[in-house]
Amino acid sequence: MTRRVGSGRIGFCPVTVHFIGAGPGAADLLTLRAVEHLRTSPVCVYAGTYIDDAILAHCPSDVRKVDTARMDLDAITAELVAAHERGQDVARLCSGDPSLYSALAEQSARLDSAGVPWDVTPGVPAYAAAAATLRVELTVPEVTQSVVLTRTQARSTAMPDAEALSNFAATGATLVLHLAITRIGVLADELKDHYGPGCPAAVVFHASKPDQLVLTGTLDDIAGQVEAAGLKQAAVILVGPAVGRAPGVESHLYDACRDRA
C-alpha cells in the first residue's frame, strides 16, 4: 500500500506494478525491498537481454515470466494492464536503476492513463558498480567534484543540442557514457581535445557479473582495447582524471582541524 497525494485526493491505494532496479547484474546487489517484491509478485516482466536466471531465482516457483526483449511498448503495457485486471502484482525489472535509461517515463505515463497504480524501487546503477570494480572515487577534492551521466546518439533518439558531448567534456568532470561502446573510437578522439590523449579511461563490461571484463588505459588506447575484446553492448565507459585515481587534497569532511562548531 502507498499513500498518494495529487489531483486533490489523499488516500491509500494498492500498488500493482513495481518498477524495480535490478542493479548491474549480480543477484546479491538487489535491495531487500526489491527481493521482497520479487518474492511476492505472481508476475515478473523483465528484459532477458540483461536479467539472468540468478536474479529471477528470487521469484516464486509459479511466477508468470514475461521476457520483453522482443516486445514493443504497447505489448509490454498490455501485460501490465492485464495483470492489474486479474488482481496480480507485477515485478517490472529494469536493469541498473529505473531513473536512468529505463523507459520509466513512457511506461508509467501509459499506466497512469490506464488507471494502473505503480511505484519505484531504486537499484544499484551500473556506473556505481563499475566504479566499485575499479576501486575509484569519481569525485576527488580539487580534481573534480562532478559526475556527468550521459549517452551518445547512434540509432537511438536524438540528443538535445545543448547536451553535446563536447559541452560536458569542457567542464573537466568525470564522464560516464552509457549505450556508447560501439562508438568509442569516435568518442575518444572527440574527448582528447578536452582531456588530452593521456587522460585515464576505463570500460567495464557486465559490471558485477561473473563474466565481468575490465579494460583500463587512456583515451589514446582504450578504443583499441575495446575493439580487440569485441565488446558491442552492456559496457560502461568512464573518463577523467579521477578514473586513474588522480591525487587530490584530503576532504574537509574528515579534516581534524576543521571547525567543529
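Rules behind the numbers
Residues numbered from 1 in each chain as written. Predicted model: local features only at pLDDT ≥ 70, side-chain atom pairs only at ≥ 80, totals over all residues. Heavy atoms only, no water. Core = buried A, V, L, I, M, F, W, Y, C linked by side-chain atoms within 4.5 Å. Buried < 20%, exposed > 50% of the residue type's maximum accessible area, 1.4 Å probe, protein only. Helix = DSSP H or I, 4+ residues; strand = E, 2+ residues; numbered from the N terminus. Contact = heavy atoms within 4.5 Å. Pairing = 2+ DSSP bridges. Axes fitted to C-alpha atoms, helices over the stretch in contact; angles between N-to-C directions. Salt bridge = Lys/Arg side-chain N within 4 Å of Asp/Glu carboxyl O.

1. Quick look at the nonpolar core
Generally speaking, a soluble globular protein has its nonpolar side chains buried in company with each other.
Right, so step 1: If you look at the biggest cluster of nonpolar residues, it comprises 26 residues, and the most contacted ones within it are Leu191, Val203 and Val239.
Right, so step 2: Taken together, the elements giving at least two residues each to this core come down to helix H6 (165-169), strand S9 (174-178), helix H7 (184-195), strand S10 (200-205), helix H8 (222-229) and strand S12 (235-239).
Right, so step 3: Sorting elements by how many residues they give to this core places H7 first, with five residues.
Right, so step 4: Setting aside residues no more than four positions away along its own chain, Leu191 makes contact with Leu165, Ala169, Leu175, Leu177, Gly196, Leu219 and Val239.

2. Overview of the sheet that holds strand S8 (residues 147-151)
Right, so step 1: Judged by pairing direction, the sheet is mixed, and its five strands sit side by side in the order S8-S9-S12-S10-S11 without closing on themselves. Among the strands making up the open sheet, the edge pair consists of S8 and strand S11 (213-218). Neighbour-to-neighbour, the strand axes of this sheet turn through a mean angle of 15 degrees, independent of strand direction.
Right, so step 2: Packing of helix H5 (residues 126-134) onto the sheet brings it into contact with S8, S9, S10, S11 and S12, and relative to S12 it is tilted by some 65 degrees.

3. Some remarks on the side chain of His18
Right, so step 1: Mapped onto the elements of the fold, His18 is located in strand S3 (residues 17-21).
Right, so step 2: Judged by relative accessible area, which is 6%, His18 ranks as buried.
Right, so step 3: Each residue touching His18, except ones within four places of it in the same chain, is listed here: His37, Ser41, Asp89, Val90, Ala91, Arg92 and Asp119.

4. A short note on the pattern of salt bridges
Right, so step 1: Counting across every chain of the model gives six salt bridges.
Right, so step 2: Across the pair Asp52 and Lys209 runs a salt bridge, and its minimum N-O distance is 3.8 Å. Here Asp52 is found in the loop between strand S4 (43-46) and helix H2 (53-56), whereas its partner Lys209 is found in the loop between S10 and S11, with 157 residues between them in sequence.
Right, so step 3: Of the residues examined, Asp52 reaches a relative accessible area of 25% and is grouped as partly exposed.
Right, so step 4: In this structure, Arg110 and Asp74 form a salt bridge, with 2.2 Å as the shortest nitrogen-oxygen distance.

5. Concerning the environment of Ala242
Right, so step 1: Relative to the helices and strands, Ala242 is located in the segment after S12.
Right, so step 2: What makes Ala242 buried here is its relative accessible area of 0%.
Right, so step 3: As for Ala242 and Val140, which are separated by 102 residues in sequence, their C-alpha atoms are 6.3 Å apart.
Right, so step 4: Contacts of Ala242, omitting those with residues within four sequence positions, involve Val136, Glu137, Leu138, Val140, Thr144 and Thr174.

6. Quick look at the sheet that holds S3
Right, so step 1: Sheet architecture is open: five strands sit in the order S5-S4-S6-S3-S7, paired in parallel fashion. Sheet topology places strand S5 (64-67) and strand S7 (118-121) at the edges, where each strand pairs with a single neighbour. Ignoring strand direction, the axes of neighbouring strands in this sheet form an average angle of 20 degrees.
Right, so step 2: Pairing analysis gives five bridges linking S3 to strand S6 (residues 90-94), with the strands arranged parallel.

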